[in-house]
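# Analysis of the macromolecular model
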Amino acid sequence: MKMNNFIEKLKQQPRIGGVPRNLANVGTQVTQAVQAATTPAASTQIINEQVQQLAQQLANQMVAEMQQSQILARNGRTYTKFDLVNDVIANQIETVTAGVWSDNAASLTTYFTSSIETTAQRKYYIDVYQANPSSSTAAVQFALAFGHALGSGSDSQGQLNDSPSKAIYSQYRQLLLNPSDTRFTTAGSGSTDYVYVVNFKRNRIKESLDPGNWEMPLIGISSRTTNATGSVVTGSSSTIIKLIDDSSITTGTTTTSGKVYNIVSGSINSGVSNPAAPTYYGLAYPDYGTLILDGKMLDQQLGFATVTGSSVEGNNHFVLFRSISGSSFFTDPSTADPYGFQARNSEKITSTHYFVRIKNAEYNFSNNPSYVTGSVGQIAQSTFISDPKTYITTVGLYNDNQELLAVAKLSKPLLKSFQREALVRIKLDF
């Protein structure tokens, strides 16, 4: 008997002397128990035992009816509400890395510049592509620039404070240094007036350049014309060095620009060359995807012969382009592949995990029209009448208004029957 029916029967009894039907025999049993009892304590004990037995019988009946109702409800269930404590795990943060270059490639060995850039633009920077700019697959990968604190190394066109090199130095000084700093200071040569800049395309680094996962090869320069848009001759394979950051041996420095690491000679596979006394080449700013190379160190170690004359058009950033691209003509003995500019990005992704728990008695029937046949909706497959089966292919996530918010597709159909249970984990990234 259901609880509400039991309550209604109680309401129908007279206020005095009325006894519910299911407990009608309690009076007789109690009277007999009292007559048989020899003491008041024994009488009370017998009465309590009889009442408990009858109450247990009624409770068992109610539980059985509830279980039967649940089974019927589960067989025809369309939605299952998540248990937010046991079925949902929110705010799971993981770091994901991928290749920086086009098509998520981790190594770049082909380098192109574009004639689309005007002469005025090329005095400030050059964009570097992974394919011929005329190709539909070509895309900008990074940019190169040269900056001088005093404006030297580029033609100011008669305007002392308006040279491209000074504009570049000022731009990156304001972007990367503290307001009180007027010069980039490296562990290689200290305070330096001129720097070379490698600036990764912003959309390629996601949140940041992955520290410890980039490696840039540079080949030495044998000779160059004053204006580096002309002849630049690179050296032999013996003059090639590889630059990385020192995140493998230090924790870096935290500044207003985020983490900052030193640029040193070394490789991703082998780490920093001579960790006890590294050769420093500049500063790496992973959060900005920017590498600042110390011009003095490039002159000393790789023969860049940076032009620093006043109002002299040097286009020094073209020397850096020749140094990077020229290395790809040689094979790296450690990998037997051409020297490549390797880099990966880094991104923190917040996820919520939903655990869809499908018990044996649930979702064994389908609303798909092909599941039934005839005007009365008889199950089409006769074997499914006594042993229904379904194949789960999709899980939908709904809000409390039963509005579809997201759809998760399984890699292959999942068999479901009364003999099989299933657990599907859905990962929602933000």
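Here is what the cut-offs are and how they apply
Residues numbered from 1 in each chain as written. Predicted model: local features only at pLDDT ≥ 70, side-chain atom pairs only at ≥ 80, totals over all residues. Heavy atoms only, no water. Helix = DSSP H or I, 4+ residues; strand = E, 2+ residues; numbered from the N terminus. Buried < 20%, exposed > 50% of the residue type's maximum accessible area, 1.4 Å probe, protein only. Areas by Shrake-Rupley, 256 points an atom, 1.4 Å probe, with all protein chains shown as cover. 1 Å grid on protein atoms, 1.4 Å probe; cavity = no way out; pocket = protein on both sides within 12 Å on 5 of 7 lines; lining within 4 Å. Points joined across faces, edges and corners; volume = space filled by probe spheres on them. Nonpolar A, V, L, I, M, F, W, Y, C, P; charged D, E, K, R; others polar. Contact = heavy atoms within 4.5 Å. Arc of directions from axis to C-beta. Polar contact = N/O pair within 3.5 Å; in protein donor to acceptor, adjacent residues only side chain to side chain.

A few words now on the overall build of the protein chain. Of the regular secondary structure elements, the protein chain holds 8 helices and 24 strands. Here the protein chain, with 430 residues, has 38% of them falling under the buried criterion. Accessible area of the protein chain: about 23,700 Å², with a carbon and sulfur share of 50%.

Further remarks concern empty space enclosed by the protein. Over the atoms rolls a probe the size of a water molecule, and in doing so it shows where empty space is left. Counted according to the given criterion, the structure contains 2 cavities of 30 Å³ or more. Roughly 50 Å³ of volume is contained in the largest cavity. As for the largest cavity, its lining consists of Lys123, Phe146, Gly153, Ser154, Pro164, Ser165, Glu313, Asn315, Asn316 and His317. A per-class count over the lining of the largest cavity returns 2 nonpolar, 6 polar and 2 charged.

Tracing the backbone shows Met216 in strand β8 (residues 208–218). Expressed as a C-alpha distance, the spacing of Met216 and Ser265, which sit 49 residues apart in the sequence, is 9.5 Å. Residues contacting Met216, with those up to four places away along its chain left out, are Val198, Ile241, Lys242, Leu243, Leu291, Leu293, Ile324 and Phe341.

Now for helix α6 (residues 295–302). Taken residue by residue, α6 has Gly295, Met297, Leu298 and Leu302 as its buried positions. The buried residues of α6 occupy one face: seen down the axis, they fall within an arc of 160°. Contacts made by the buried residues of α6 are with β7 (194–200), β8, β9 (221–224), β11 (241–245), β15 (280–285) and β16 (290–294). At the N-terminal end of α6, a side-chain oxygen is found 3.0 Å from the backbone nitrogen of Lys296, two or three residues along, and the residue is Asp294. Among the residues trailing α6, Gly303 stands out with phi positive, at a value near 65°.

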